[in-house]
Amino acid sequence: MSADWLFEIGVEELPYKTCQSLLAQLRGKGSAEAPGLVYETLAAERLVGGGDGGVADAVAFAETRLKVMVAPRRVAVVVSDLPREQTAQTQRFRGPRVDVAFGPDGVPTKAGAGFARGKGLTPDRLQRETSEGNEFVVAVIEAERRATELVLPGVCRRLITALQIPRGMRWGARPAGADDYLRFSRPLRWLVCVYAGRPVPFDFYDLHAGDVSQGHRVLGRPLIVDQAGHYERHLREQHVIVDHDERRRLIVEGLDAAASGLGGRWFDPAGVLEENIYLAEWPSVHSGSFDERHLRLPSEVLITAMQAHQRYCPVEDAAGNLLPAFLYVSNADPAAAALITHGNERVLEGRLDDAEFSYDRDLAEGLEAMASRLGEVVFHARLGSLADKSARLVAVAQWLAGGVGRPADAAAIAAVGDQGLTVRVTGELPAAVVAARFAKADLVSQVVIEFPSLQGRVGGVYAEKAGATPAVAQAIAEHYLPLSAVAPVPASLAGGLAAIADKIDNMAGAWLAGEKPSGSRDPYGLRRAAMGIVRIALEYDLKVAPRALASAAIRAYAEPADRTRAVLPSNASGADPEGEIADFIWERLEVLLLDEGLPFALVEAALGAAAPSAASTAGAASTPGAAAAPAAVRPLPVDLPRVAALARTFARVQDEAFFNDVVVAYTRPAALAARAAAEPGGVAVAPDPALFVHESEHALAAAVAEVRDPLATALAGGDVEAALLAAAALRAPIDRYFDAVLVMDQDPALRANRLAQLRQITILLGSLGDFARLPVQQG
Amino acid sequence: MTSANARSVVTRPPTYQAIIGALQSFWERQGCVVMQPYHTEVGAGTFNPATFLRCLDARPWRAAYVEPSTRPADGRYGANPFRLGHYYQYQVVIKPSPPDIQDVYLQSLQALGIDLRKHDIRFVEDNWEGPTLGAWGQGWEVWADGMEITQFTYFQQLGGFDCDPVTIELTYGLERIAMYLQGVDSVYDIVWSRWTEPGGSERVVTYGDVYQENEREFSRYNFEVSDAGMLFRHFAEFEAEAQRCLDAGLPIPAYDYVLKCSHAFNMLDARGVISVTDRTAHIASVRDLARKVAALYLEVVAGGGPEDADAESSVNSHVNHTDDKPGSATTAGDA
């Protein structure tokens, strides 16, 4: 025996993000790990689940029996086939030993009678079980099976109070008899609980649950829900489509039809469709138009004016040109659309008039004049003005461009550092520097003040109008990209460099101001910024070493071009901001590579190329010659594309014999090289051949000398596979060496010399990664 | 007058003053104390003590009034059809917020002649923060056919104090509603009043007739002419006087000086003489005063504050009540 259940929470108009969140919380993911609040709450009351089929049950429940629907004024849960009472549950409680519970005469003792009474049984109903040679009494109790309609009020109350409301509000007066206000996203106004065709009345704060729901605010009337199965139909009769998926389908169909009626195609860069689903209970889509003269505005401005506040969708023709039209979703009677369209058109006309007024004022002022006002605008209370920031961006962009370019580019990069917006530049590198200087100017434009999301793009338009070269204008327009972990990166190298400069400046600033991200706190979106740096570096194969980049950005704060504007925050967080920022960037690369599906161990090994292992640095500090070691054996600053190439190549060749050879050739010496730290006399940078005893030591030294150059050349050329092949040649001499040589010799001089040789190899192969993080297969 | 004439008169949209009149009588019928505008410049009806002070304590309160909103930086020399340095709000506050307040609000739109079945009225999420008052709330902006006509806010905190009970505040944008009802595209074309001369000719006075010259002159004054030195001096003097009132146990006079501080700050801001850091500091000092006023008001005037829901009769009883409500200094995230 089972029956259907409806629970509806009636509420004043919910924010759309709350709608999405409540839906996700109640429905869960339909999996055992995230069964959702409805399942969890019913399961806790033994109305679903039970037995041993927990996993399958949660999945099947979500797929076949649960429907959660959210509309602006209501959250509804419909569950089919809910049993008429709680499912059976047998509980066993072990009591005292039988000889304690009963006397020799079989009469219950005080202890036995007390145990039985405590479990609600008479002593004769106690059962027995044997455990480890002792016989105990056992109370076997069938849990009470309460009728479902008696359990549901508690379920409903718990569902409301268990919902996470990020910024709950209070309303009215403190409810009588309650300790505190009920908090919710918006005021609760009614509750409907119907089970098996009958209302399940209960009180909750000031509300009385029953079977009366509310229709559309204007077009509908209150209604009685007689059956859970009739709920959607009854509401539809009162002009409410409660199922959000159905509303989405209706709106998309309406948008398609309206756009094709205009001979165009609708689009929605700001994602207002999802908002509109939760802004109307009776949606219909209509089109309006605006005066063609507004088409002189940049399309970014037009689109934002339509979308940002009004939640309209723009329409474009087959060639991608904006039409002087918009589509909107109405919650009113579709028959009244003519008047409503007129109203919406007037609102949009006003907004476009306003935008045009601002746009013309901006054009009259010009981007260079705006840049000259940046000194008046604070970037951050402790980090100076936007003019300071612009100067730093120029310095970092010059550093970046210098690192990326050839020596021949250096003069052009240096020359544009203090040039105006319209300087003729050839090449992306100097363009990036000019763009960096004017990238922030549009922040004081009227249009960006009105539509902040247009920052950058508006600057690009104004740069072009002012006569900047196209590369400069494009770089300004693109320097906030990518806007998310998956959004496009700048489409030009100049834009990419300007974007990296902006992002690393934000990161350095946060660290210097003591506001670095921690845990879930990342108010400046620096994880996204770091991911942007990684993605741009990979896209353009920019040999950017995170630590060097962080140093350049921090240097720009500490030694600004204009010394009178020096920004020296006093409360820098962390003793080693460069290192922390570099690690922060490496972590993003790790996330990116793991998202590509690369094995964790291989990604870790590749990242090891950037963080010298303990083995390769052990004992180095005690070695006077370390700082002056030959460049070829010192780890080079490792850049982002290098590590990505390492990880991706490892994944490709991981099953090849030569890859395993490299792993063995690294791990055998590395395991011992770490002991260099324990040498009281220190360990030299390179072994002294005069102290070699075995032929295999000479052979290994010769092999190292032979491998060093081809390895470095291949790596510098980005050919990781060739570098691995070169390194694999060390496997055989290393195996022979370990067969013949006892490294930890009694003689300290011989021992130190052998450790020096092993550490040298660890450092050399460590430029390919830290293979000690991999499981070794001998073979 | 012929019946045809009579009909055309009936179907004409209401004048600006008729809109105000309709709202006054509608909210009078809802039991509101119909107040008059405050005598000191404020940026919004929320600053009027009938809202800020009266909504702090536990006593029930219903009030409605027109409030001139003075926002010097928003002036556009009378040249922009939508922006004004001085305009009107119609403000309604009811404490505690009634359960049917949205329906009552919709009835008020009907009272203005809006046929709800022919328009698209929406409640769209919009939360409110008033950093200078240490105040915030949650609610909506109300749309009529895509135009924002009202701000609808459940106050959660005022002066840093939790609102208990919770007040609902409705703020109608009178010019927007008039433009919407009258179908005009410029605020200056709003028909303020209309009457028929004895000879039968009709006379119309527009919003522009009444206020366009004011907008021109005050924009020029606020942006170009005002004496920044005097305003800085006034700010400091008003701030000190507010503190003196607080020290004397007089929260209502103290609040007047908070309002004067706030206006002086707005004037300085429009004049463009406040740097960004100054700005933060000035806002912080106004907020600090507003918090102290709120605390003193709860202590002295309301005779107990939110905890004491039966304090109806103790308006002037000078009960000393130390009310350490939590949260008074924890709204930084909302500022």
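What you are looking at is a predicted structure, and each value in this text was computed from that prediction instead of being measured.

Colleague: Any chance you could break down the overall build of chain A for me, citing the residues and the numbers?
Modeller: Counting its regular elements, chain A contains 30 helices and 18 strands. Against the compact-globule benchmark of 28 Å for 779 residues, chain A has a radius of gyration of 36 Å, which places it well outside the compact range. Its C-alpha atoms give chain A principal-axis dimensions of about 100 × 95 × 50 Å. Looking at chain A residue by residue over its 779 residues, the buried ones come to 54%. In chain A, the proportion of contacts linking residues at least 24 apart, taken out of those at least 6 apart, comes to 71%. As displayed, chain A offers around 33100 Å² of accessible surface, 53% of which is attributable to carbon and sulfur atoms. Here chain A contributes 77 positive and 96 negative side-chain charges, whose respective centroids are spaced 5 Å apart.

Colleague: Explain the pattern of salt bridges to me, using residue names and the numbers behind them.
Modeller: Residue and element names in this part refer to chain A. Counted under the stated rule, the structure contains 60 salt bridges over all chains. Between Arg293 and Asp291 there is a salt bridge, with the nearest N and O atoms lying 3.3 Å from each other. For the salt bridge of Arg773 with Asp770, the shortest nitrogen-to-oxygen distance reads 3.1 Å. Relative accessible area serves as the criterion here: at 35%, Arg773 is assigned to the partly exposed category. Salt bridges linked by common partners bring Asp291, Arg293, Arg296, Glu349, Asp353, Glu356 and Asp360 together as one network.

Colleague: Break down the packing of aromatic side chains for me, citing the residues and quoting the values.
Modeller: Under the definition given, this model contains 33 aromatic pairs over all chains. An angle of 25° between the planes, with centres 4.4 Å apart, marks the rings of Tyr312 of chain A and Phe326 of chain A as stacked. In this pair, Tyr312 of chain A sits in the loop between helix H10 (299-307) and strand S15 (313-316) while Phe326 of chain A sits in strand S16 (residues 322-330), placing the two residues 14 residues apart along the sequence. Taking relative accessible area as the criterion, Tyr312 of chain A reaches 1% and is therefore assigned buried. An angle of 70° between the planes, with centres 6.1 Å apart, marks the rings of Trp140 of chain B and Tyr154 of chain B as edge-to-face. In this pair, Trp140 of chain B is assigned in strand S6 (residues 135-144) and Tyr154 of chain B in strand S7 (residues 147-158), connecting sequence segments 14 residues apart. According to the relative accessible area criterion, Trp140 of chain B is buried, its value standing at 0%.

Colleague: Outline the state of the cysteines, listing residues and values.
Modeller: Evaluation of the coordinates by the stated rule reveals zero disulfides over all chains. Here Cys313 of chain A is not disulfide-linked; the sulfur of Cys19 of chain A is the nearest cysteine sulfur, at 18 Å. Note on Cys55 of chain B: no disulfide assigned, nearest cysteine sulfur contributed by Cys163 of chain B at a separation of 7.5 Å. With relative accessibility at 0%, the residue Cys55 of chain B sits in the buried group.

Colleague: Break down the sheet that holds strand S6 (residues 134-142) of chain A for me, with residues and values.
Modeller: Adjacent strands of a sheet pair through backbone hydrogen bonds, lying either parallel or antiparallel. Residue and element names in this part refer to chain A. Taken together, three strands build an open sheet; the order of strands is S4-S6-S5 and the sheet is antiparallel. Strands with a single pairing partner mark the edges of an open sheet, and in this sheet they are strand S4 (90-97) and strand S5 (127-131). Taking the axes of each pair of neighbouring strands and ignoring which way they run, one obtains an average angle of 40° across the sheet. Relative to S6, S4 runs antiparallel, the two sharing six bridges. Counterpart to Phe93 in the pairing with S6 is Ala139. In the packing of helix H5 (residues 110-118) onto the sheet, contacts are made with S4 and S6, and the angle to S4 comes to roughly 165°.

Colleague: Tell me what's going on with a nonpolar patch on the surface, and back it up with residues and numbers.
Modeller: All names here are of chain B. A surface patch of nonpolar side chains, about 280 Å² in accessible area, is lined by Phe218, Tyr221 and Val225. Here Tyr221 is to be found in helix H6 (residues 207-225). Judged by relative accessible area, which is 30%, Tyr221 ranks as partly exposed.

Colleague: I'd like a description of helix H7 (residues 228-247) of chain B, backed by residues and values.
Modeller: Residues and elements named next belong to chain B. Helix length check: H7 (20 residues) gives 29 Å between terminal C-alpha atoms against 28 Å at 1.5 Å per residue, within 8%. Among the residues making up H7, those that are buried are Ala228, Leu231, Phe235, Phe238, Ala242, Cys245 and Leu246. Around the axis of H7, the buried residues are gathered within 100° of arc, so they sit on the same side. Those residues of H7 that are exposed and angled more than 90 degrees off the buried face are Arg244 and Asp247. Structurally, the start of H7 carries an N-cap: the backbone nitrogen of Gly229 is 3.0 Å from a side-chain oxygen of Asp227.

Colleague: Outline the environment of Val225 of chain A, supporting the account with residue identities and numerical values.
Modeller: Residues and elements named next belong to chain A. Along the polypeptide, Val225 turns up in the loop between strand S12 (223-224) and helix H7 (231-237). When the C-alpha atoms of Val225 and Val192 are compared, they prove to be 8.1 Å apart, with 33 residues separating the residues in sequence. Val225 has contacts with Leu6, Val192, Val194, Asp211, Ser213, Tyr231 and His234, leaving out every residue within four places of it along the chain.

Colleague: Let's hear about the nonpolar core: which residues, and what values?
Modeller: All names here are of chain A. The biggest cluster of nonpolar side chains holds 151 residues, and the ones touching the most others in it are Met507, Leu589, Leu724, Leu730, Leu768 and Phe771. The leading source of residues in this core is helix H19 (residues 493-512), at 11 residues. Among residues more than four places away in sequence, those in contact with Met507 are Leu526, Ala530, Ile533, Ile581, Phe584 and Ile585.

Colleague: Talk me through the interface of chain A and chain B; I want residue IDs and the actual numbers.
Modeller: Frequently, the measure chosen for interface size is the accessible area removed from exposure when the parts meet. The interface is formed by 46 residues belonging to chain A together with 45 residues belonging to chain B. Carbon and sulfur atoms make up 48% of the area that chain A and chain B hide from each other, which totals about 3800 Å². Three residues, Arg167, Arg170 and Arg346 of chain A, lead the burial of chain A against chain B; their summed loss comes to 18% of the area buried on that side. Notably, a salt bridge pairs Arg174 of chain A with Asp164 of chain B, separated by 2.5 Å at the nearest N-O pair. Taken together, chain A and chain B are joined by 28 residue pairs in polar contact (both at pLDDT 80 or more). When residues of the side of chain A that touches chain B are traced back to their parent elements, those giving at least two are S16 and helix H11 (337-365) of chain A. No other element matches the 10 residues that H11 of chain A contributes to the side of chain A that touches chain B.

Colleague: Mind laying out the confidence of the model for chain B, listing which residues take part and the relevant values?
Modeller: Residue and element names in this part refer to chain B. Mean pLDDT over chain B works out to 87, with 86% of the residues at or above the 70 mark. For residues 1-9, every residue scores under 50 in pLDDT, and the model assigns this stretch one contact once sequence neighbours within four places are set aside. Scored below 50 in pLDDT, residues 305-335 shows 52 contacts in the model against residues more than four places distant or in partner chains. Taken together, the chains of this predicted complex give a pTM of 0.80 and an interface ipTM of 0.87.

Colleague: Can you explain the environment of Gly118 of chain A? Please cite residues and give values.
Modeller: Within the fold, Gly118 of chain A resides in helix H5. Here Gly118 of chain A falls in the exposed class, since its relative accessible area comes to 61%.

Colleague: How would you summarise the packing of helix H25 (residues 640-653) of chain A against helix H28 (residues 720-728) of chain A if you had to cite specific residues and measurements?
Modeller: Angle between the axes and distance between the axes are the two parameters that describe a pair of packed helices. All names here are of chain A. Their axes nearest at 9 Å, the elements H25 and H28 cross at an angle of 65°. In terms of axis orientation, H25 runs roughly perpendicular to H28. H28 is crossed by H25, and the crossing has right-handed handedness. Facing H25, whose interface residues are Ala645, Leu646, Thr649, Phe650, Arg652 and Val653, H28 presents Val720, Glu721 and Leu724. Partitioned by chemical class, the residues of the contact of H25 with H28 number six nonpolar, one polar and two charged.

Colleague: Tell me about helix H22 (residues 577-595) of chain A, and please be specific about residues and values.
Modeller: Residues and elements named next belong to chain A. The end-to-end C-alpha distance of H22 is 27 Å, a good match for the 27 Å that 19 residues give at a rise of 1.5 Å each. Every buried residue of H22 is listed here: Pro577, Gly579, Ile581, Ala582, Phe584, Ile585, Trp586, Arg588, Leu589, Glu590, Leu592 and Leu593. Residues of H22 that are buried sit in contact with H19, helix H20 (526-539), helix H21 (546-558), helix H23 (600-607) and H25. Residue Gly597 follows H22 closely and has a positive phi angle near 95°.

So, how was this worked out
- Residues numbered from 1 in each chain as written.
- Chains lettered and ligands numbered in written order.
- Predicted model: local features only at pLDDT ≥ 70, side-chain atom pairs only at ≥ 80, totals over all residues.
- Heavy atoms only, no water.
- Helix = DSSP H or I, 4+ residues; strand = E, 2+ residues; numbered from the N terminus.
- Rg over C-alpha atoms; globule rule 2.2 N^0.38 Å.
- Buried < 20%, exposed > 50% of the residue type's maximum accessible area, 1.4 Å probe, protein only.
- Contact = heavy atoms within 4.5 Å.
- Areas by Shrake-Rupley, 256 points an atom, 1.4 Å probe, with all protein chains shown as cover.
- Lys, Arg positive; Asp, Glu negative; His and termini not counted.
- Charge placed at Lys NZ, Arg CZ, Asp CG, Glu CD.
- Salt bridge = Lys/Arg side-chain N within 4 Å of Asp/Glu carboxyl O.
- Phe/Tyr/Trp six-rings, centres within 6.5 Å; stacked < 30°, edge-to-face > 60°.
- Disulfide = S-S within 2.5 Å.
- Pairing = 2+ DSSP bridges.
- Axes fitted to C-alpha atoms, helices over the stretch in contact; angles between N-to-C directions.
- Patch = residues over 30% accessible without salt bridge, like charges linked within 9 Å, V, L, I, M, F, W, Y side chains within 5 Å.
- Expected span 1.5 Å × (residues − 1).
- Arc of directions from axis to C-beta.
- Polar contact = N/O pair within 3.5 Å; in protein donor to acceptor, adjacent residues only side chain to side chain.
- Core = buried A, V, L, I, M, F, W, Y, C linked by side-chain atoms within 4.5 Å.
- Buried area = accessible area lost by both parts, 1.4 Å probe.
- pLDDT = per-residue confidence, 0-100.
- Parallel < 35°, antiparallel > 145°, perpendicular 65-115°, else oblique.
- Left-handed = near helix turned anticlockwise from the far one by under 90°.
- Nonpolar A, V, L, I, M, F, W, Y, C, P; charged D, E, K, R; others polar.

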